[in-house]
Amino acid sequence: MTVEGTTGTVHGGPRLPQERRLVTEIPGPRSRELFARKQSAVPPGIGTTLPIFVTHAGGGVVVDVDGNSLIDFGSGIAVTSVGNSAPRVVERVQKQVADFTHTCFMVTPYESYVTVCEKLNALTPGDHDKRTFLVNSGAEAVENAVKVARHATGRPAVVVFDHGYHGRTLLTMTLTAKNMPYKDGFGPFAPEVYRVPLAYPFRWPSGPENCADEAAAQAIDMIEKQIGAANVAAVVIEPIAGEGGFIEPARGFLPKIAEFCRANGIVFVADEVQTGFARTGHLFACEDEGIVPDIICTAKGIAGGLPLAAVTGRAELLDSVHASGLGGTYGGNPLACEAALGVLETIEQDKLVERAAHIGEIMLPRLRSLQERFGIVGDVRGRGAMTAIELVVPGTKDPLPAGPIAARCHAEGLLVLTAGTYGNVLRFLPPLVIPDHLLEEGLSILERAISADQSA
Ligand SMILES: Cc1ncc(COP(=O)(O)O)c(CNCCCC(=O)O)c1O
């Protein structure tokens, strides 16, 4: 079956009508009832971007309990890249769930775990000998990457960057930059974590042209003078900062940092939890500047919604850990492993890397036209199906909250997410299988939301 607007034949394809359909206000009455129950059962610390309660999802839409069909520009935060309930994922998981649901790979292993690791060892950047092990979340993957780096190097320090996001566990919360909502009140934090500047072109003081060289020089100087390069186990960086605001580091920055790590025996850890698995128009975002990380952490898009994450790295690093020094009960659950195999098949057979690049070719020009028309659009950035606009007071770099425009989009049936250290970024993460007509319709809703905001 070919889904209109895709670059290939989408296996099976979404079973839901690929349309925006509003039959009530957003959220509708049934969702409002359910939200009241949520408020009585779930603490408010678990936030809600858009309080519609979902019953179905697939292709480029989510359908709620009131019968509304909304355009999905969120993918569950960059997770359902191959589409919700993607056919190959469903087929594999349905068979697996009827065979066995869990044995704990450390107790009695099973083939699918090994197959996933073999594929990640082959597909991730670099042709060196690699090993992979599987965990349950992005934070757990980053935690374990740091454990391995410290164990392999015998060094304590970890270097991260302004605007970085790495998770909500004690260590990954410490690695994360933004205080509210991620860190406030949860200290004391983990020791031996140090933060250096990120090459943020839009906000670099001397302008984007000098950003890569100056930011790299400042970061390296801080490492050498304040930490000591010989004390650093790992540098952890996102090839595109996700929660921090879809910041593409100025070109040249990542290669300089990677070279510094190589020259000083520092483990370069690429956190591709949000950028991985075709999202940016490459299978992995590191490929864009030819970066070969020593360790790469992946999650989100890896298993189409099933909880899975992976740590893939140089064999000599991962093999340095003593027997049973790594692990966890559920890591590499068989259902999630089958889902991951379905995802990898779908990415390859439905040419979703090319599809992501195509989505970027549609979205970025439209976002740049918004920048030309509306002064509040201060920056347009991103790659493939991971793009964003940063909102500012016209003529300044002063942040404008993205929430009100996101709310206008939600009311019109477009699910969009915000991001950014300053809460002023609208980010766009559509499923890679979204049909072109829904992309176009979603962009038109965004344009109307910005225009209405300007008129308000
Ligand atoms: C780069 C990068 N590394 C690590 C993580 C953490 O991945 P987990 O699977 O959420 O633990 C993320 C998760 N990003 C979404 C966070 C949602 C929220 O908690 O508000 C990421 O983007």
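The name an unreviewed UniProt entry gives the chain is (S)-3-amino-2-methylpropionate transaminase, with Planotetraspora mira as the organism. According to UniProt, the comment filed for the chain under the heading Pathway (unreviewed entry) is "Amino-acid degradation; 4-aminobutanoate degradation." As recorded by UniProt, the Sequence similarities (unreviewed entry) comment attached to the chain reads in full: "Belongs to the class-III pyridoxal-phosphate-dependent aminotransferase family."

Novice: In this structure, what is going on with the packing of helix H4 (residues 111-123) against helix H10 (residues 334-349)? I would like to understand it.
Specialist: Two quantities define a packed helix pair, namely the angle between the helix axes and the distance between the axes. Taken N-terminus to C-terminus, the directions of H4 and H10 make an angle of 40 degrees; their axes are 9 Å apart at the nearest point. Between H4 and H10, the interaxial angle falls into the category oblique. The chirality of how H4 crosses H10 is left-handed. Note on element contacts: H10 touches H4 through Pro334, Cys337, Glu338, Ala340, Leu341 and Leu344, opposite Ser112, Tyr113, Thr115, Val116, Lys119 and Leu123. In terms of residue class, the contact of H4 with H10 is built from 8 nonpolar, 2 polar and 2 charged.

Novice: Help me understand the site of the ligand in this model?
Specialist: Taken together, 14 residues lie around the ligand, and Gly138, Ala139, Arg168, Asp271 and Gln274 are the ones closest in. With respect to the ligand, the backbone of Gly138 contributes an N or O atom lying 2.9 Å from an oxygen atom. Between the ligand and Arg168 there is a distance of 2.7 Å, counted from an oxygen atom to a side-chain nitrogen or oxygen. Notes on the ligand: free accessible area 510 Å², of which the protein chains cover 81%. Here the residues of the shell around the ligand sort into 4 nonpolar, 5 polar and 5 charged.

Novice: Quick question: what am I supposed to make of empty space enclosed by the protein here?
Specialist: Over the atoms rolls a probe the size of a water molecule, and in doing so it shows where empty space is left. Following the criterion strictly, the structure yields 2 cavities of 30 Å³ or more and no others. Around the largest cavity, the lining residues are Phe161, Asp162, Gly164, His166, Leu198, Val236, Ile237, Glu238 and Ala241. Class assignment for the residues of the lining of the largest cavity results in 5 nonpolar, 2 polar and 2 charged. What lines the second largest cavity is Thr124, Pro125, His128, Lys130, Pro293, Asp294, Ile295, Ile296, Thr312 and Gly313.

Novice: Even after reading the chapter, I still don't get the pairing of strand S12 (residues 386-391), so can you show me in this structure?
Specialist: The side chains of a regular strand alternate between both faces of the sheet. The element S12 is extensively covered by neighbouring structure, given that 6 of its 6 residues are classed as buried. With burial as the criterion, each face of S12 is covered, one bearing Met386, Ala388 and Glu390 and the other bearing Thr387, Ile389 and Leu391. Two strands pair when backbone bridges link them, and strand S11 (residues 377-383) and S12 are joined in this way by 6 bridges, in the antiparallel orientation. Bridged to Gly382 within S12 is Thr387. Looking at chain direction, S12 and strand S15 (residues 425-428) are connected through 4 bridges and run antiparallel. Residue pairing across strands places Ala388 opposite Arg427, the latter belonging to S15.

Novice: Looking at this structure, I do not really get the sheet that holds strand S9 (residues 295-298). What am I missing?
Specialist: Hydrogen bonds between backbone groups are what pair the strands of a sheet, and the pairing can be parallel or antiparallel. Spatially, 7 strands are ordered S4-S10-S9-S8-S7-S5-S6 in an open sheet, and the strand pairing comes out mixed. At either end of the open sheet lies a strand with only one pairing partner, and these are strand S4 (130-135) and strand S6 (193-196). Averaged over all adjacent pairs, the angle separating strand axes in this sheet is 20 degrees, with direction ignored. Each of S4 and strand S10 (309-314) touches H4; the most contacted strand, S4, lies at about 130 degrees to it.

Novice: Just checking my understanding: could you explain the environment of Thr49 for this structure?
Specialist: By the secondary structure assignment, Thr49 is in the loop between helix H1 (29-41) and strand S1 (54-58). Sequence-wise, Thr49 and Ile389 are 340 residues apart; in three dimensions their C-alpha atoms are separated by 18 Å. The contact partners of Thr49, leaving out residues within four places of it in the chain, are His410, Val416 and Leu417.

Calculation notes
Residues numbered from 1 in each chain as written. Predicted model: local features only at pLDDT ≥ 70, side-chain atom pairs only at ≥ 80, totals over all residues. Heavy atoms only, no water. UniProt positions renumbered as here; feature names shortened; annotations may be inferred. Axes fitted to C-alpha atoms, helices over the stretch in contact; angles between N-to-C directions. Helix = DSSP H or I, 4+ residues; strand = E, 2+ residues; numbered from the N terminus. Parallel < 35°, antiparallel > 145°, perpendicular 65-115°, else oblique. Left-handed = near helix turned anticlockwise from the far one by under 90°. Contact = heavy atoms within 4.5 Å. Nonpolar A, V, L, I, M, F, W, Y, C, P; charged D, E, K, R; others polar. Near = heavy atom within 4 Å. Polar contact = N/O pair within 3.5 Å; in protein donor to acceptor, adjacent residues only side chain to side chain. Areas by Shrake-Rupley, 256 points an atom, 1.4 Å probe, with all protein chains shown as cover. 1 Å grid on protein atoms, 1.4 Å probe; cavity = no way out; pocket = protein on both sides within 12 Å on 5 of 7 lines; lining within 4 Å. Points joined across faces, edges and corners; volume = space filled by probe spheres on them. Buried < 20%, exposed > 50% of the residue type's maximum accessible area, 1.4 Å probe, protein only. Pairing = 2+ DSSP bridges.

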